[in-house]
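The residues making up each chain are set out below.
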Amino acid sequence: MQSFAKWILIILFISTGLKGQNTEIEIRLSNGELKMNFPSIYFKHNSIDYTTMPYTVDSCFKYIALHINDINDFVIWRDSLETEKLTSQRIKKLKTGLNKYKETRNIYIESMGKAQKISRQTINKGNNNEQIQYLLSLNSVFDIAKTRVLIEKSPKQGHVNNPRLWCLNCWRNHRFSKDYRRLHVTNATKR
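Position numbers for residues count from 1 along each chain, tracking the sequence in the order it is written. Under the rules for a predicted model, residues below a pLDDT of 70 receive no local features and side-chain atom pairs below 80 are neither given nor counted, while totals for whole chains, interfaces and linings still include all residues. Only hydrogens and water are removed before side-chain values are computed, so all heavy atoms of the structure are retained for them.

Trainee: Please clarify how the overall build of the chain should be interpreted in this entry.
Mentor: Going along the chain from the N terminus, every DSSP run of H or I of four or more residues is numbered as a helix, and every run of E of two or more is numbered as a strand. A tally of regular secondary structure across the chain gives 8 helices and 4 strands. For the chain, the N- to C-terminal ordering of α and β elements is α-α-β-α-β-α-β-α-α-β-α-α. Here the term buried applies to any residue with accessible area under 20% of the maximum for its type, exposed to any over 50%, and partly exposed to those in between, with areas from a 1.4 Å probe on protein chains only. A buried classification covers 30% of the 191 residues belonging to the chain. Any two residues having at least one pair of non-hydrogen atoms within 4.5 Å are treated as being in contact. Restricting the contact set of the chain to residue pairs at least 6 apart, pairs at least 24 apart contribute 63%.

Structure representation (structure tokens):
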């Protein structure tokens, strides 16, 4: 019986050693948490070249040019190991590329400085060079921000809330009386 238990323990140790556990980065990649998002443009680490993306850079530029009026912010991120000079070169390249589709004189691309999208600790958890390079490219990215603020139309301010002295209907409906104003004006403001 003891030899059977020993064999089971040996098999468990060998199987976990061979199979291994997924690292945190692999789990996050498989869940889609760390993935490239359209229309963001990603760069290779310490380079002004674009990295391979699941979509083309031209499609990003076309999308941005088409929706330029809806975009509030243009932001470029960089890794903490990269320089601000590299960021300014990337901005020039982005403006040149976008200029093919839309005039970009009035567009301001804000540099996020040393702020990172992905922390250095997360990048260092990558278990192979390909994974680390992918995470570094996620850190070097040009993003846009579209925010839609729904403006709720206020109800039409008519004679109910503001009775007119020259309006015969206001006089007929007693809109100047305290009872009418208490019933109708307070109910209109509660809506």
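The discussion continues.
Trainee: Looking at this structure, how should I read a nonpolar patch on the surface?
Mentor: Patch members must show over 30% relative accessible area and no salt bridge, and they are joined within 9 Å when carrying like charges or within 5 Å when they are nonpolar side chains of Val, Leu, Ile, Met, Phe, Trp or Tyr. Per-residue accessibility takes into account occlusion by the displayed protein chains alone, with areas from the Shrake-Rupley method and a 1.4 Å probe. By definition here, a salt bridge exists when the distance from a side-chain nitrogen of Lys or Arg to a carboxyl oxygen of Asp or Glu is within 4 Å. There is a patch of nonpolar side chains on the surface, built from L165, W166, W171 and F176 and spanning about 530 Å² of accessible area. Position of L165 relative to the elements: it lies in the loop between β4 (141-146) and α7 (168-172).

Trainee: Help me out: how do you make sense of the packing of aromatic side chains in this one?
Mentor: Each Phe, Tyr or Trp ring, with Trp reduced to its six-membered ring, pairs with another whose centre is within 6.5 Å; inter-plane angles below 30 degrees give stacked pairs, above 60 give edge-to-face pairs, and intermediate values give tilted ones. Following the criterion strictly, the structure yields 4 aromatic pairs and no others. Pairing F43 with Y50 gives two aromatic rings, centres 5.4 Å apart and planes at 35°, and the pair type is tilted. The class for F43 is buried, based on a relative accessible area of 0%. What makes Y50 partly exposed here is its relative accessible area of 21%. Three or more aromatic residues joined by ring pairs form one cluster here, namely F38, Y55 and Y63. Whether a charge lies above a ring is judged from NZ of Lys or CZ of Arg, which has to be within 6 Å of the ring centre and within 35 degrees of the ring normal. Of note, K93 hangs over the ring of Y50, and the distance from its end group to the ring centre comes to 4.3 Å.

Trainee: When you look at the pairing of β4 in this model, what are you seeing that I'm missing?
Mentor: Residues in a regular strand point their side chains to alternate faces of the sheet. Examined bridge by bridge, strand β1 (residues 41-42) and β4 share 2 bridges and lie antiparallel to one another. Directly across from Y42, in β4, lies its bridge partner V141. Two strands qualify as a pair provided that DSSP identifies no fewer than 2 bridges between them.

Trainee: Before we go on, may I ask you to explain the side chain of R90 in this structure?
Mentor: Examined against the element boundaries, R90 turns out to sit in helix α4 (residues 84-99). A relative accessible area of 0% means that R90 is categorised as buried. One polar contact links R90 to E82, side chain to side chain, over a distance of 3.0 Å. Ignoring sequence-local partners within four residues, the contact set of R90 consists of F43, K44, H45, N46, S47, I48, I76, W77, R78, E82 and S140. As used in this structure description, the phrase polar contact means that two N or O atoms lie within 3.5 Å; if the pair is within protein, one of them must be able to donate a hydrogen and the other to accept it, and residues adjacent in sequence are counted only when both atoms belong to side chains.

Trainee: Even after reading the chapter, I still don't get the nonpolar core, so can you show me in this structure?
Mentor: In these notes, a set of buried Ala, Val, Leu, Ile, Met, Phe, Trp, Tyr and Cys residues joined through side-chain atoms within 4.5 Å is what counts as a nonpolar core. I41, F74, L94, I109 and F142 are the most contacted members of the largest nonpolar core, which totals 29 residues. Breaking this core down by element, the ones donating at least two residues are β1, α3 (57-66), β2 (71-76), α4, α6 (129-139) and β4. Apart from the residues lying within four places of it in its own chain, the contact partners of I109 are F74, V75, I76, I91, L94, K95 and F142.

Trainee: Would you mind going over the sheet that holds strand β3 (residues 109-111) with me for this structure?
Mentor: Strand pairing in a sheet is mediated by backbone hydrogen bonds. Such pairs are either parallel or antiparallel. A sheet is described by the order of its strands in space; here 4 strands give the open sequence β1-β4-β2-β3, paired in mixed fashion. Looking at which strands have only one partner, the edges of the open sheet turn out to be β1 and β3. One ladder, built from 5 bridges, connects β2 with β4; its direction is antiparallel. Looking at β4, one finds that V75 is bridged to D143. As a rule, the C-alpha atoms of each element are fitted with a line to give its axis, helices using only the stretch in contact, and angles between N-to-C directions run from 0 to 180 degrees. The sheet strands contacting α4 are β1, β2, β3 and β4, and the helix crosses β3 at an angle near 165°.

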